[in-house]
Amino acid sequence: MANTYTQIHIHFVFAVKFRQAIINKNWKPDLYKYIAGIIKNNNHKLLAINRVSDHIHILIGIRPVQSISDLMKIIKQDSSKWINSNKFSQFHFEWQEGYGAFSYSKSQLSTVVNYIENQELHHQKKTFREEYIDFLEKFEVDYDEKFIFKELI
């Protein structure tokens, strides 16, 4: 659209259904490429991606051509199908319902990228649940404990 200029950076966090620790490091580079392709094909820009075995973080420069919920639906739906069709998991793979989406200014991007790139180290000190609740509280998002991502099984 002519004369429309935006700078929107969204940090997404979402988990494997029931927080099963099944995102294997052997296929993570392929998963990252696949998700990067989904993001690019939807006219957005991937800035950072990383995972631990039960959840994933993605930082995207998002264009206002698509809703956040529509983009997340496509990313989660298509990547689940891709994981299952490639038989990367011995179980049926699904992402857990819901996600977190947190916005950042351009001046904060290097800090967020560093945070995402160091997930393995970060989770030696803090559980996913603690991390997620910290995000919700930092961004002053009202939440109900019963709807926080289910615990790891």
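Now for a description of the structure that goes with this document. None of these values were measured; they are calculated from a predicted model.

1. Examining helix α5 (residues 128–138)
Regarding α5, the residues found buried are Phe128, Glu131, Tyr132, Ile133, Phe135 and Leu136. Those residues of α5 that are buried lie in contact with β1 (8–15), β3 (55–62), β4 (100–104), α3 (109–117) and α4 (119–122). Immediately beyond the C-terminal end of α5, within one or two residues, lies Glu140, with a positive phi of roughly 55°.

2. Regarding the packing of aromatic side chains
For any two aromatic rings, the description comes down to two numbers: the centre-to-centre distance and the angle of the planes. One pass over the full model with this rule turns up 12 aromatic pairs. When the ring of Phe14 is compared with that of Trp95, the centres are 4.7 Å apart and the planes differ by 80°; the resulting orientation is edge-to-face. Pair noted here: Phe14 is in strand β1 and Trp95 is in the loop between α2 (68–85) and β4, with a separation of 81 residues, a long-range link. Like Phe14, the residue Trp95 is buried in the burial classification. The interplanar angle of 35° and the centroid separation of 5.0 Å between the aromatic rings of Phe102 and Phe139 together place this pair among those described as tilted. With a gap of 37 residues between them, Phe102 in strand β4 and Phe139 in the segment after α5 connect regions that are remote in the sequence.

3. Quick word on the packing of helix α1 (residues 28–41) against α2
Viewed as axis vectors pointing N to C, α1 and α2 meet at an angle of 140°, and their least axial separation amounts to 10 Å. Considered as vectors, α1 and α2 are oriented oblique to each other. Of the two possible hands of crossing, α1 and α2 adopt the one that is right-handed. The segment α1 lies against α2, with Asp30, Leu31, Tyr34, Ile35, Ile38 and Ile39 engaging Ile74, Ile75, Asp78, Ser79, Trp82 and Ile83. Its residues assigned to classes, the contact of α1 with α2 shows nine nonpolar, one polar and two charged.

Reading the values: the criteria
Residues numbered from 1 in each chain as written. Predicted model: local features only at pLDDT ≥ 70, side-chain atom pairs only at ≥ 80, totals over all residues. Heavy atoms only, no water. Buried < 20%, exposed > 50% of the residue type's maximum accessible area, 1.4 Å probe, protein only. Helix = DSSP H or I, 4+ residues; strand = E, 2+ residues; numbered from the N terminus. Contact = heavy atoms within 4.5 Å. Phe/Tyr/Trp six-rings, centres within 6.5 Å; stacked < 30°, edge-to-face > 60°. Axes fitted to C-alpha atoms, helices over the stretch in contact; angles between N-to-C directions. Parallel < 35°, antiparallel > 145°, perpendicular 65-115°, else oblique. Left-handed = near helix turned anticlockwise from the far one by under 90°. Nonpolar A, V, L, I, M, F, W, Y, C, P; charged D, E, K, R; others polar.

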